[in-house]
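What the coordinates show
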Amino acid sequence: SQMALMLNFSNPSNFSTCYKKYLTELSVKQAVGKIKKESEERYKTFVEQVPFQIAMFDTHLNYMAASKMWVDDYRMGDKQFIGKNLYDLSPGVKEKFGDVLEGCLKGHIDKNDGSLFERINGSFAWMRCDIRPWYTIEQEIGGLIMMTVDLTRSKRLEEENKRLAFILEKANEITRVRAWRRNFRTNTGFW
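Quick caveat, the model's predicted, so the values are computed rather than measured.

Examining the overall build of the protein chain
Scanning the protein chain from terminus to terminus reveals six helices and seven strands. Across the protein chain, helices and strands are ordered from the amino to the carboxyl terminus as α-α-β-β-α-α-α-β-β-β-α-β-β. What you see for the protein chain is a C-alpha radius of gyration of 30 Å, clearly larger than the 16 Å of a compact globule of 191 residues, by over 25%. Taking the principal axes of the C-alpha coordinates as reference, the protein chain spans close to 110 × 50 × 30 Å. Counting all 191 residues of the protein chain, 26% fall into the buried class. Counting only contacts in the protein chain whose residues sit at least 6 apart along the sequence, the fraction spanning at least 24 positions is 35%. In the form shown here, the protein chain has an accessible surface area of approximately 14400 Å², with 56% of it arising from carbon and sulfur atoms. Both charge centroids of the protein chain, one from 30 positive and one from 25 negative side chains, sit 6 Å from each other.

Looking at the nonpolar core
By size, the foremost hydrophobic cluster in this structure holds 18 residues, and its most contacted members are Phe57, Leu61, Tyr63, Trp70, Leu86 and Leu101. Sorting the residues of this core by element identifies β1 (53-58), β2 (63-66), α3 (68-73), α4 (86-89), α5 (92-105) and β5 (141-150) as the ones contributing at least two each. No other element matches the four residues that α5 contributes to this core. Sequence-distant contacts of Phe57, that is, excluding residues within four places in its chain, are made with Asn62, Tyr63, Met64, Trp70, Leu86, Trp134, Gly142, Gly143, Leu144 and Met146. Membership of the second largest hydrophobic core comes to eight residues, among which are Val47, Val50, Met64 and Trp134.

Structural notes on α5
With 14 residues, α5 extends 19 Å between its outermost C-alpha atoms, agreeing within 8% with the 20 Å of an ideal straight helix rising 1.5 Å per residue. Gly98 marks the point of greatest bend in α5, at about 70°.

Some words on the pairing of β2
Two strands pair when backbone bridges link them, and β1 and β2 are joined in this way by three bridges, in the antiparallel orientation. What sits directly across from Met56, in β2, is Ala65. Here β1 folds back onto β2 in antiparallel fashion, the turn holding four residues, of which Leu61 has a positive phi close to 65°.

Here's the deal with the pairing of strand β4 (residues 124-135)
Pairing of β4 with β5, which is carried by nine bridges, proceeds in the antiparallel orientation. Bridging across to β5, Trp134 finds its partner in Gly143.

What to know about the confidence of the model for the protein chain
Overall, the predicted model of the protein chain reaches an average pLDDT of 81, with 95% of residues at or above 70. The weakest mean pLDDT in the protein chain belongs to helix α1 (residues 2-6) at 69; the strongest belongs to β1 at 91.

Points about the packing of aromatic side chains
Applying the stated criterion across every chain, the model contains three aromatic pairs. Ring geometry for Phe57 against Tyr63: centres 4.6 Å apart, planes inclined by 50°, an arrangement best described as tilted. For Phe57, a relative accessible area of 0% puts it in the buried group. Between Phe57 and Trp70, the aromatic rings sit 6.5 Å apart at their centres with planes inclined by 70°, giving edge-to-face as the arrangement. Taken together, the positions of Phe57 in strand β1 and Trp70 in helix α3 put the pair 13 residues apart, joining distant regions of the chain. Every member of this aromatic cluster is reached through a ring pair, and the members are Phe57, Tyr63, Trp70 and Phe81.

So, a nonpolar patch on the surface
A contiguous nonpolar patch, built from Tyr19, Tyr22, Leu23 and Leu26 and spanning about 380 Å² of accessible area, is present on the exposed surface. For Leu23, the location among the structural elements is in helix α2 (residues 12-49). A residue is classified by how much of its surface remains accessible, and Leu23, at 39% relative accessible area, is partly exposed.

Regarding the side chain of Asn112
Mapped onto the elements, Asn112 comes out in strand β3 (residues 110-118). Since its relative accessible area comes to 18%, Asn112 is described here as buried. Those residues in contact with Asn112 that lie beyond four places of it in its chain are Phe117, Met127, Arg128 and Cys129.

Some thoughts on unusual backbone geometry
Phi angles above zero are rare outside glycine, and Gln139 is one such case at about 65°. Structurally, Gln139 can be placed in the loop between β4 and β5. Note on Gln139: relative accessible area 60%, which makes it exposed. One non-glycine residue, Asn187, adopts positive backbone phi at about 60°.

Reading guide: rules and limits
- Residues numbered from 1 in each chain as written.
- Predicted model: local features only at pLDDT ≥ 70, side-chain atom pairs only at ≥ 80, totals over all residues.
- Heavy atoms only, no water.
- Helix = DSSP H or I, 4+ residues; strand = E, 2+ residues; numbered from the N terminus.
- Rg over C-alpha atoms; globule rule 2.2 N^0.38 Å.
- Buried < 20%, exposed > 50% of the residue type's maximum accessible area, 1.4 Å probe, protein only.
- Contact = heavy atoms within 4.5 Å.
- Areas by Shrake-Rupley, 256 points an atom, 1.4 Å probe, with all protein chains shown as cover.
- Lys, Arg positive; Asp, Glu negative; His and termini not counted.
- Charge placed at Lys NZ, Arg CZ, Asp CG, Glu CD.
- Core = buried A, V, L, I, M, F, W, Y, C linked by side-chain atoms within 4.5 Å.
- Expected span 1.5 Å × (residues − 1).
- Bend = angle between axes of the 7 residues up to and from the residue.
- Pairing = 2+ DSSP bridges.
- pLDDT = per-residue confidence, 0-100.
- Phe/Tyr/Trp six-rings, centres within 6.5 Å; stacked < 30°, edge-to-face > 60°.
- Patch = residues over 30% accessible without salt bridge, like charges linked within 9 Å, V, L, I, M, F, W, Y side chains within 5 Å.
- Salt bridge = Lys/Arg side-chain N within 4 Å of Asp/Glu carboxyl O.

Below, the structure is given as structure tokens:
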């Protein structure tokens, strides 16, 4: 009754009804907040434990989480990068991929099946990338998930195999080395 009078309610039962409604709304907001936080924590835990290079960013491109392979491959182990901006930690990324990242923050998905990229240290690497938005419970874009795969080793092996096959073919042309192939089922042979 005293609170109702202090807040200029003419009828104390109206105050009681309003206060109960306020408490109900407050508990609902707290429950939704808890669910959002748990969901975000699940995302982070998943990202940190996957066995490939993946990182999770918010809508401002601040790091939220990164897998162990991402941290190792991009040499971030000695840095405190959670909460830091991607552009600040990797200065060349904005010029090269700023438009792609902005498009992904608007809902686009960018996949690259393998392209040659220059790394920050000046070396080159074949990389496959997949950048896509992640969504909150309300189905709003919460940020980006970026996955990369270093294809450099397999590309080098592929080039070496092509080079060796070319050398072998040329050696066969020069020496005219040939082989017999025998099919015992049909009792035929081929030169």
